Amino acid sequence: MKSIFAFETPGEGEVYEATVKRLMMRLGSYKAFLRNAFGLTEVPKAVVWTSSKLATDVFGHVPIPAYTREELIFMCPDQDVWKRIMLEQMDGEDLPDVRVFYESAGEAQLLDILAHELTHHLDQFPDELEDERTDAIWFEEGMCFYLPRRHLLGDPYFNEVTAAEKSLYDALKHRYGNHSIDDFGAASYKGTLPSIMFDYWRSFLAVCELVERENGSAHAVFRKYNTWHEKGREQPLAEYFGIEL
């Protein structure tokens, strides 16, 4: 994959060059892992590194400056931007451990997000990114967090981010969790970042639970997921898996 710098002023992207080089090297090793372990075949042509404003207002109209569109990943490489986003997720809750985690995550947070976007390209997900079907969004989003956190970022980061998102889920489920996990995004009408992110935390935690049930085998979870798909999605996915988050 190529790296393309797309900023408004000449030289604006130079400050991120070293960070991007490190991220792309580690993403390359993760890409090889996905090829070997999960049959990744097609990868994006490039990562477009850009500012948060251009990512959310020009290249796309999305609330978060990282997303995949066809053959490109768009990503803001500014750690300060991501720190503000992650702290905003707390929605005013007093969660000291969560705050410490997000204030110290640094480059690992960027790699987490970048690898998440690459994982969307796995053939294991039968739905296309622009597919009209929405009943399996939570599974794909949760697995796209689980795989890089478990297989790229290491156990300490995995344990810390899981604890942080479990704390956020517990603190905010009374505000944003009054819908089934199958209705991914149902609370986002509130228009706040926490209302949008709530279903991402919940999806990741649900996939963690599913993998634990299969003694740590994501492959076994994928097999069950694809059985559900091949049999015509006869029941809601959360019901099929017995997920109650």
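Structure report, in brief. All of these numbers come straight from a predicted model, not from anything done at the bench. (Residues numbered from 1 in each chain as written. Predicted model: local features only at pLDDT ≥ 70, side-chain atom pairs only at ≥ 80, totals over all residues. Heavy atoms only, no water.)

1. Digging into the side chain of Asp-182
Within the fold, Asp-182 resides in the loop between α7 (155-176) and α8 (193-213). Put simply, Asp-182 is tucked away with no salt bridge, and the nearest opposite charge, on Arg-233, sits 9.0 Å away. A polar contact of 3.2 Å, which involves the side chain of Asp-182, links it to the backbone nitrogen of Ala-238. (Helix = DSSP H or I, 4+ residues; strand = E, 2+ residues; numbered from the N terminus. Buried < 20%, exposed > 50% of the residue type's maximum accessible area, 1.4 Å probe, protein only. Lys, Arg positive; Asp, Glu negative; His and termini not counted. Salt bridge = Lys/Arg side-chain N within 4 Å of Asp/Glu carboxyl O. Polar contact = N/O pair within 3.5 Å; in protein donor to acceptor, adjacent residues only side chain to side chain.)

2. Quick notes on helix α6 (residues 137-151)
Structurally, the α-helix is built with 3.6 residues per turn, so residues lying three or four positions apart point the same way. The end-to-end C-alpha distance of α6, which contains 15 residues, comes to 22 Å, matching closely the 21 Å that a straight helix rising 1.5 Å per residue would cover. Across the 15 residues of α6, 12 count as buried, placing the element largely inside the fold. Where α6 is concerned, the buried positions are Trp-138, Phe-139, Glu-140, Glu-141, Gly-142, Met-143, Cys-144, Phe-145, Tyr-146, Leu-147, Pro-148 and Arg-149. Residues of α6 that are buried in the fold lie against α1 (17-38), α5 (107-119), α7, α8, α9 (218-230) and α10 (237-241). (Expected span 1.5 Å × (residues − 1). Contact = heavy atoms within 4.5 Å.)

3. Digging into the packing of aromatic side chains
The full count for this structure, using the stated rule, is 24 aromatic pairs. When the ring of Phe-101 is compared with that of Tyr-157, the centres are 5.6 Å apart and the planes differ by 55 degrees; the resulting orientation is tilted. Within this pair, whereas Phe-101 is found in helix α4 (residues 96-104), its partner Tyr-157 is found in helix α7, the two being separated by 56 residues in sequence. Taken as a pair, Phe-101 and Tyr-157 share a single burial class, namely buried. Through a chain of ring-to-ring contacts, three or more aromatic side chains come together here, namely Tyr-30, Phe-33, Phe-38, Phe-125, Trp-138, Phe-139, Phe-222, Tyr-225, Trp-228, Tyr-240 and Phe-241. Taking the ring centre of Phe-204 as reference, the NZ or CZ of Arg-149 above it sits at 4.5 Å. Over the ring of Phe-158 we find Arg-150; its NZ or CZ atom is 3.7 Å from the centre of that ring. (Phe/Tyr/Trp six-rings, centres within 6.5 Å; stacked < 30°, edge-to-face > 60°. Lys NZ or Arg CZ within 6 Å of the ring centre and 35° of its normal.)

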